[in-house]
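# Topology and contacts: notes
What follows is the residue order along each chain.
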Amino acid sequence: MALLAEHNVTVTPGRRVLEVYDADAYLGDEAALDAAEIQVVAGNGYHLYLVSLQPDMKVQMTIRIWDTPPAPPAEAEGHIDVSLESETGILVIGQLDRGPADEITLPRPGVYEGHAWWQGRQAAADYYNTTLAQLTDDSPEDQLTEAWDDCPVTERYVLDLAYIREPEPVDEDDL
C-alpha cells in the first residue's frame, strides 16, 4: 500500500460539525447529519459529515489518498467505512457555520472509498467541558481563548481513501 497524497488542515468544528464534499456537489443532507450524530461520521456519497463533541477548539483533519487504504490504527477511538464521489476532483473541507476552511485536489476525479477514523475526540470534549465548568464571572475575557489554544490533547479525524472508479456520468436531464 502506497501513500499517493496527504493533506492536513486545522479546522474548527462549527456547531460541532466538519464537512467534506465535492466542490460542485454541496448538497446538505439532514439524514446523513443525523446519522453522523450517532456514528461520528456519515455521508450521502457526495458529502461527509464528521461530528465533534465540542464546537470551539481547533481539530486536525487529514485526508490521505492511498493505492489501497491501510487498516485504521489500533489507537483509534473509532472508525467507519466511507465512500465519497468527486466529479470535479476537488474536495472542500468545511466548518459548518464558519464556511470552507480549505480545499484539496485529488489525484483524479472519481469515487473514493476507505474509512474514517478519529482519536482525541472524547479527551478534547472532557477538557472543553471541564474548562467551561471552571469559569467564573470574574474570569478574564481571554481565558477561554487561551484555554482552547492550550488544550493538552489533539482531536484528530483522518480519511484514508483509495480511488475505486470514474464518477457516475451526469444525466443531462438533471442539469
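Here's what I pulled together on the structure shown here. Predicted model only: the values in this text are computed from it and were never measured.

## Focus: the pairing of strand S5 (residues 59–66)
- Most of S5 sits inside the fold, with 8 of its 8 residues counted as buried.
- Because side chains alternate across S5, one face comprises the buried residues Val-59, Met-61, Ile-63 and Ile-65, and the other comprises Gln-60, Thr-62, Arg-64 and Trp-66, equally buried.
- Direction of pairing for strand S1 (residues 3–11) relative to S5: antiparallel, over a ladder of 8 bridges. By the bridge assignment for S5, Asn-8 is matched with Thr-62.
- Summarising the sheet, S5 and strand S10 (residues 156–165) pair through 7 bridges and their orientation is parallel. Within S10, the position partnered with Met-61 by the bridge is Tyr-157.

## So, helix H1 (residues 30–39)
- The N-cap residue of H1 is Asp-29: its side-chain oxygen and the backbone nitrogen of Ala-31 are 3.0 Å apart.
- Val-40 sits one or two residues past H1 and shows a positive phi near 80 degrees.

## Comments concerning the sheet that holds S1
- Strand order across the open sheet formed by 5 strands is S1-S5-S10-S9-S6, with mixed pairing between neighbours. In this open sheet, the two edge strands, each paired with only one partner strand, are S1 and strand S6 (78–86). Each strand axis lies, on average, 20 degrees off the axis of its neighbour in the sheet, ignoring direction.

Rules and cut-offs
Residues numbered from 1 in each chain as written. Predicted model: local features only at pLDDT ≥ 70, side-chain atom pairs only at ≥ 80, totals over all residues. Heavy atoms only, no water. Buried < 20%, exposed > 50% of the residue type's maximum accessible area, 1.4 Å probe, protein only. Helix = DSSP H or I, 4+ residues; strand = E, 2+ residues; numbered from the N terminus. Pairing = 2+ DSSP bridges. Polar contact = N/O pair within 3.5 Å; in protein donor to acceptor, adjacent residues only side chain to side chain. Axes fitted to C-alpha atoms, helices over the stretch in contact; angles between N-to-C directions.

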